[in-house]
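As a plain string of letters, each chain reads:
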Amino acid sequence: MPSFDKPTDQQEATRDAQGADSRAATEAALFEAFGGVRGMVETTVPGLVFVAIYTVKRDIHIAAIAALGLSLLLGIARLVRKDTLKHAFSGVFGVAFGAVFAMMSGDAKNFYLPGMLYTLGLAVGYIVSALAGYPLMGLILGPVFKENLSWRTRNPGRKVAYTKASWAWGLILLAKSAILFPLYWWGDVTQLGWVKVALGIPPMLLSVYLTWIFLSKAPPPIDVFAEMEAAERAEREAEATAR
């Protein structure tokens, strides 16, 4: 006699398949939103080139131009491969801003200052948004998952996951800032540059991994686009029937 309290093997297999699909969708969405490992490398390598050349040549202009040129080449490569434009240009703009700032100020450490201020501002944004009930991670990933803001009112489990992920990003980026700013104030450019490079990828990978953990355990997203399409089809069918 079958037990109605325990799931059957088929039900367990279905749940496992759904869980695997959810994890795969989450992983794909995170890579799309943050550019994947390649995007992380592309945001780190120009800084590595800058500090390496400056350490040898002690010339801000040569180091800044070399870093900017490499960033442009990486952006062009993304365009040739028809990758997302936001990943192609976001790194270029960041490096260009830092390069111009360093050359105009005459202080090589200022090459890293715009990125450091951006990181600090992002950390504060993640934390404040989580406290306000509008976690930034949900605002970023909601459109990617085609759920928009449905997670706020209709899917509380995902709101909790987005809140946890936003806290994780905020605290990790805040810890990164707490290491870099003292070096900017009291260290030299070589120390700051190498530590900045070392802290480029690991904090990002940790943040993405924690986000993946939180979201893979959350309920699946509500596809609001599919709902709107279904409503439009039902409306057309109702109009056709009325005629």
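Just above, that's the structure.
Caption draft 1: Quick peek at helix α9 (residues 189–198). When we look at burial in α9, the residues that qualify are Val189, Thr190, Leu192, Gly193 and Val197. For α9, the arc enclosing every buried residue in end-on projection is 165°, short of the 170-degree limit, so these residues lie on one face. Backbone nitrogen of threonine 190 and a side-chain oxygen of the N-cap are separated by 3.1 Å at the start of α9; the cap is aspartate 188.

Caption draft 2: Inspection of the side chain of serine 166 at higher detail. Looking at the secondary structure, you find serine 166 in helix α8 (residues 156–186). Residues within four places of serine 166 in sequence aside, it is in contact with Tyr126, Ala130, Pro135, Leu136 and Met137.

Caption draft 3: Spotlight on the nonpolar core. Judged by nonpolar contacts, the single largest core of 22 residues is most densely connected at Phe50, Phe111, Tyr112, Met116 and Leu192. Of all the elements in the fold, those that place two or more residues in this core are α2 (36–57), α3 (60–80), α4 (85–105), α5 (113–132), α8 and α9. Those residues within four positions of phenylalanine 111 in sequence are excluded, and the remaining contacts are Pro46, Gly47, Phe50, Ala67, Val95, Gly98, Ala99 and Ala102. The next biggest cluster of nonpolar side chains, apart from the first, holds 16 residues, and it includes Tyr126, Phe145, Val208 and Ala218.

Caption draft 4: Up close: the packing of α8 against helix α10 (residues 202–216). Relative to each other, α8 and α10 sit at 165°, their axes nearing to 9 Å. When the axis of α8 is compared with that of α10, the two are roughly antiparallel. Crossing hand, α8 versus α10: right-handed. Contact residues: Arg158, Ala161, Tyr162, Lys164, Ala165, Ala168, Trp169, Ile172 and Lys176 in α8; Pro203, Met204, Leu206, Ser207, Val208, Leu210, Thr211, Phe214 and Leu215 in α10. Its residues placed into classes, the contact of α8 with α10 shows 13 nonpolar, 2 polar and 3 charged.

Caption draft 5: Main features of a nonpolar patch on the surface. A cluster of nonpolar side chains, Leu72, Leu73, Ile76 and Val80, forms an exposed patch at the surface whose accessible area comes to about 400 Å². Along the chain, the position of valine 80 falls in helix α3.

Caption draft 6: Structural detail: the pattern of salt bridges. Scanning all chains against the criterion turns up 1 salt bridge. Among the ionic pairs, glutamate 147 bridges to arginine 158, the shortest N-O distance being 3.0 Å. Placement of glutamate 147 in the loop between α6 (136–141) and α7 (150–153) and of arginine 158 in helix α8 is noted, with a sequence separation of 11 residues between them. In this structure glutamate 147 comes out as buried when scored by relative accessible area, which is 0%. Its relative accessible area of 1% is what places arginine 158 among the buried residues.

Caption draft 7: Inspection of the environment of phenylalanine 225 at higher detail. Tracing the chain through its elements places phenylalanine 225 in helix α11 (residues 224–242). When the C-alpha atoms of phenylalanine 225 and lysine 146 are compared, they prove to be 6.3 Å apart, with 79 residues separating the residues in sequence. Residue contacts for phenylalanine 225: discarding those within four places in its chain leaves Lys146 and Asn148.

Rules and cut-offs
- The residue count restarts for each chain, going from 1 along the sequence in the order it is written.
- Two thresholds apply to this predicted model, a pLDDT of at least 70 for residue-level local features and 80 or more for giving and counting side-chain atom pairs, whereas whole-chain, interface and lining totals are computed over all residues.
- Side-chain numbers come from the whole structure's heavy atoms, not from hydrogens or water.
- Here's how the labels work: a residue is buried when its accessible area is under 20% of the maximum for its type, exposed when over 50%, partly exposed in between, all with a 1.4 Å probe on protein chains only.
- What counts as a helix is a DSSP run of H or I of at least four residues, what counts as a strand is a run of E of at least two, and both are numbered from the N terminus.
- Starting at the helix axis, one direction is taken to each C-beta atom, and the arc is that of these directions.
- Side-chain atoms alone can form a polar contact between residues adjacent in sequence; in general such a contact is a pair of N or O atoms within 3.5 Å, and within protein one must be able to donate a hydrogen while the other accepts it.
- Should any heavy atoms of two residues lie within 4.5 Å, those residues are considered in contact.
- Residues grouped as a nonpolar core are buried Ala, Val, Leu, Ile, Met, Phe, Trp, Tyr and Cys residues, joined through side-chain atoms within 4.5 Å.
- In this description, a line fitted to the C-alpha atoms serves as the axis of each element, helices being fitted only across the stretch in contact, and the angle between N-to-C directions of two axes falls anywhere from 0 to 180 degrees.
- Small angles under 35 degrees read as roughly parallel and large ones over 145 as roughly antiparallel, with 65 to 115 read as roughly perpendicular and the rest as oblique.
- Crossings are sorted by hand: turned counterclockwise from the far helix by less than a right angle, the near helix makes the crossing left-handed, and turned clockwise it makes it right-handed.
- Charged residues are taken to be Asp, Glu, Lys and Arg, nonpolar residues to be Ala, Val, Leu, Ile, Met, Phe, Trp, Tyr, Cys and Pro, and polar residues to be all remaining types, Gly included.
- Patch membership needs two things, relative accessible area over 30% and no salt bridge, and members are linked within 9 Å if like-charged or within 5 Å if nonpolar (Val, Leu, Ile, Met, Phe, Trp, Tyr).
- For every accessible area listed, the method is Shrake-Rupley and the probe measures 1.4 Å; residues are considered covered only by the protein chains on display.
- In the sections that follow, a salt bridge refers to a side-chain nitrogen of Lys or Arg positioned within 4 Å of a carboxyl oxygen of Asp or Glu.

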